[in-house]
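Close look at the chain arrangement
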Amino acid sequence: MHKKKVIVLPYDPNWPNEFAKIKSELAAALPLPNLEIEHVGSTSGPGLAAKPVIDLDLIMGDDLFGEIKQRLLAVFYIHEGELGIPDREAFQ
């Protein structure tokens, strides 16, 4: 069995800035009505130690997914599917 090493770092006050940058880039790539971009995961909690990966959720109506998927692929995101959680679509 291959084990992956997980690195957890102390809270970095720059994580909200990194999220804001990613959010701005996504908003430009996805200029769609009723789309929300939220910072989630442990990097979103002030003072929490975390893996240094900015996680976010795109909140949208079901009818927008196909268009959003194509736009994310066009800006080099990789679609990973539901990763075992129904009604979720993950991108890296």
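This text goes with the structure placed above it.
The notes below deal with the structure included here. (Residues numbered from 1 in each chain as written. Predicted model: local features only at pLDDT ≥ 70, side-chain atom pairs only at ≥ 80, totals over all residues. Heavy atoms only, no water.)

1. A word on helix 1 (residues 15-29)
For helix 1, spanning 15 residues, the distance from its first C-alpha to its last is 21 Å, which sits close to the expected 21 Å at 1.5 Å a residue. Listed as buried for helix 1 are W15, F19, I22 and L26. Here the buried residues of helix 1 occupy an arc of 65 degrees about the axis, which is enough to place them on one side. On its buried face, helix 1 is in contact with strand 1 (36-40), strand 2 (55-59) and helix 2 (65-74). (Helix = DSSP H or I, 4+ residues; strand = E, 2+ residues; numbered from the N terminus. Expected span 1.5 Å × (residues − 1). Buried < 20%, exposed > 50% of the residue type's maximum accessible area, 1.4 Å probe, protein only. Arc of directions from axis to C-beta. Contact = heavy atoms within 4.5 Å.)

2. Overview of the layout of surface pockets
Taking a probe equal in size to a water molecule and rolling it over the atoms shows the remaining empty space. A volume near 790 Å³ is recorded for the largest pocket. Looking at the lining of the largest pocket, the elements that each hand over two or more residues are helix 1, strand 2, helix 2 and strand 4 (90-91). Top contributing element to the lining of the largest pocket by residue count: strand 2, with four residues. Here the residues of the lining of the largest pocket are counted per class, giving 14 nonpolar, two polar and seven charged. Put simply, the second largest pocket is a space of about 330 Å³. Among the residues forming the lining of the second largest pocket, the class breakdown is four nonpolar, one polar and four charged. (1 Å grid on protein atoms, 1.4 Å probe; cavity = no way out; pocket = protein on both sides within 12 Å on 5 of 7 lines; lining within 4 Å. Points joined across faces, edges and corners; volume = space filled by probe spheres on them. Nonpolar A, V, L, I, M, F, W, Y, C, P; charged D, E, K, R; others polar.)

3. Some thoughts on the packing of aromatic side chains
All told, the structure shown has two aromatic pairs when counted by the stated rule. Ring plane angle 90 degrees and centroid distance 5.5 Å describe the contact between Y11 and W15, whose orientation is recorded as edge-to-face. A relative accessible area of 25% places Y11 in the partly exposed class. What makes W15 buried here is its relative accessible area of 6%. Aromatic side chains F65 and F91 sit 6.4 Å apart centroid to centroid with 55 degrees between the ring planes, which places their arrangement in the tilted category. (Phe/Tyr/Trp six-rings, centres within 6.5 Å; stacked < 30°, edge-to-face > 60°.)

Interpretation in functional terms is not warranted from these geometric data alone.
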